[in-house]
Amino acid sequence: MSKPSPWLDVSIPLANGMHGWPGNPPTVITMHLGTAKGDVCNVSAINFNSHTGTHMDAPLHFLPGTKTMDDLPWDAVIGPARVVEICDKEAIKPAELKKLKPRKGERLLFKTRNSAGSWRKKSFDKDFIYIAKEGAQYLVDCGVQTVGVDYFSVGGFYQDGIETHHVLLGAEVWIIEGLNFEHVKPGNYDLICLPIKFHKGDGAPARCLIRKR
Ligand SMILES: [Zn+2]
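Attention here is on the structure that accompanies the text. (Residues numbered from 1 in each chain as written. Predicted model: local features only at pLDDT ≥ 70, side-chain atom pairs only at ≥ 80, totals over all residues. Heavy atoms only, no water.)

## Things to note about the overall build of the protein chain
The helix and strand tally for the protein chain stands at 3 helices and 12 strands. Expected size for 213 residues packed as a compact globule is a radius of gyration near 17 Å; at 17 Å, the protein chain falls within 12% of this value. With the principal axes as the frame, the protein chain shows a C-alpha extent of 60 × 50 × 35 Å. A total of 213 residues make up the protein chain; the buried ones form 46% of that total. At a minimum sequence separation of 6, the contacts of the protein chain that also span at least 24 residues come to 73%. Looking at the protein chain as shown, the accessible area adds up to about 11000 Å², and 56% of this sits on carbon and sulfur atoms. Between the centroid of the 26 positive side chains of the protein chain and the centroid of its 23 negative side chains there is a distance of 7 Å. (Helix = DSSP H or I, 4+ residues; strand = E, 2+ residues; numbered from the N terminus. Rg over C-alpha atoms; globule rule 2.2 N^0.38 Å. Buried < 20%, exposed > 50% of the residue type's maximum accessible area, 1.4 Å probe, protein only. Contact = heavy atoms within 4.5 Å. Areas by Shrake-Rupley, 256 points an atom, 1.4 Å probe, with all protein chains shown as cover. Lys, Arg positive; Asp, Glu negative; His and termini not counted. Charge placed at Lys NZ, Arg CZ, Asp CG, Glu CD.)

## Things to note about the coordination of the zinc ion
Around the zinc ion, the protein contributes the donor atoms H51 (ND1), H55 (NE2), D57 (OD) and E177 (OE), which lie 2.0 to 2.3 Å from the metal centre. In this structure, the zinc ion is coordinated by 4 donor atoms arranged in irregular fashion, with angles at the metal of 76 to 166°. All donors to the zinc ion come from one chain, and their sequence spacing reads H-x3-H-x1-D-x119-E. With D57 in strand β4 (residues 55-57) and E177 in strand β10 (residues 174-177), the pair connects residues that are 120 residues apart, well separated along the chain. Taken individually, D57 and E177 each receive the classification buried, so the pair is uniform in this respect. (Donors = N, O, S within 2.8 Å, 3.2 Å for Na, K, Ca; no water. Tetrahedral: all angles 85-135°; square planar, octahedral: opposite > 155°, others 65-115°.)

## Section: the packing of helix α2 (residues 133-142) against helix α3 (residues 161-170)
For the pair α2 and α3, the least separation of the axes is 8 Å and the interaxial angle reads 5°. On the basis of their axis angle, the class for α2 and α3 is roughly parallel. In this structure, α2 uses K133, A136, Q137 and V140 to contact α3, whose residues at the interface are E163, T164, V167 and L168. The class makeup of the residues in the contact of α2 with α3 is 4 nonpolar, 2 polar and 2 charged. (Axes fitted to C-alpha atoms, helices over the stretch in contact; angles between N-to-C directions. Parallel < 35°, antiparallel > 145°, perpendicular 65-115°, else oblique. Nonpolar A, V, L, I, M, F, W, Y, C, P; charged D, E, K, R; others polar.)

## Things to note about the nonpolar core
Membership of the largest hydrophobic core comes to 22 residues, with the highest contact counts inside it found for M56, L109, F181, L191, C193 and I210. Contributions of two or more residues to this core are made by β5 (78-85), β10, β11 (187-195) and β12 (203-212). Top contributing element to this core by residue count: β12, with 4 residues. When neighbours within four sequence positions are excluded, L109 is seen to be in contact with A81, R82, V83, V84, G148, L179, F181, L191 and I210. Membership of the second largest hydrophobic core comes to 21 residues, among which are I86, I92, V149 and V173. (Core = buried A, V, L, I, M, F, W, Y, C linked by side-chain atoms within 4.5 Å.)

Okay, structure coming up:
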């Protein structure tokens, strides 16, 4: 039997001062106790919001009274997944999606120019590639189980921010945001994405790993 491929970490690091969605509380990490200042141990104080860095969205993020992070089915985040490359320089639209033939139950991860571009910017990139609302509807119609995107939101900053979330979350498609595929080639992978156990969470930061199949 051949050796399995190594796991690749496609999460971004949680760090003090990292940028996030404009208007959401920033990530602030301070040293509560520190051996460098004579304390017996190191303890960090972390202030962040439920949609920080690499994270998941629960339907409750946009839709009151719907599923929370407690309801996440493990099958949505553990199992085979496909990384596909999007060439469109504006958004993920039905025309390009049709060629990729999304399948029922699929975990689909989108690599766009965000991976090598937006993450390197010093401040939030408002022009990131997002899923157009028509693209979101197409994914729902195909019966996709999970979508992953390589910047902070499935919807755009200027357009389809609310609409795309409503379409996907309304169909209980589980969403992973804030992935980085800069060093990942399109293809078939195993996926493990485990969000922190945030009770009744509308979203939660997650560690996300993939491994070539
Ligand atoms: Zn989110």
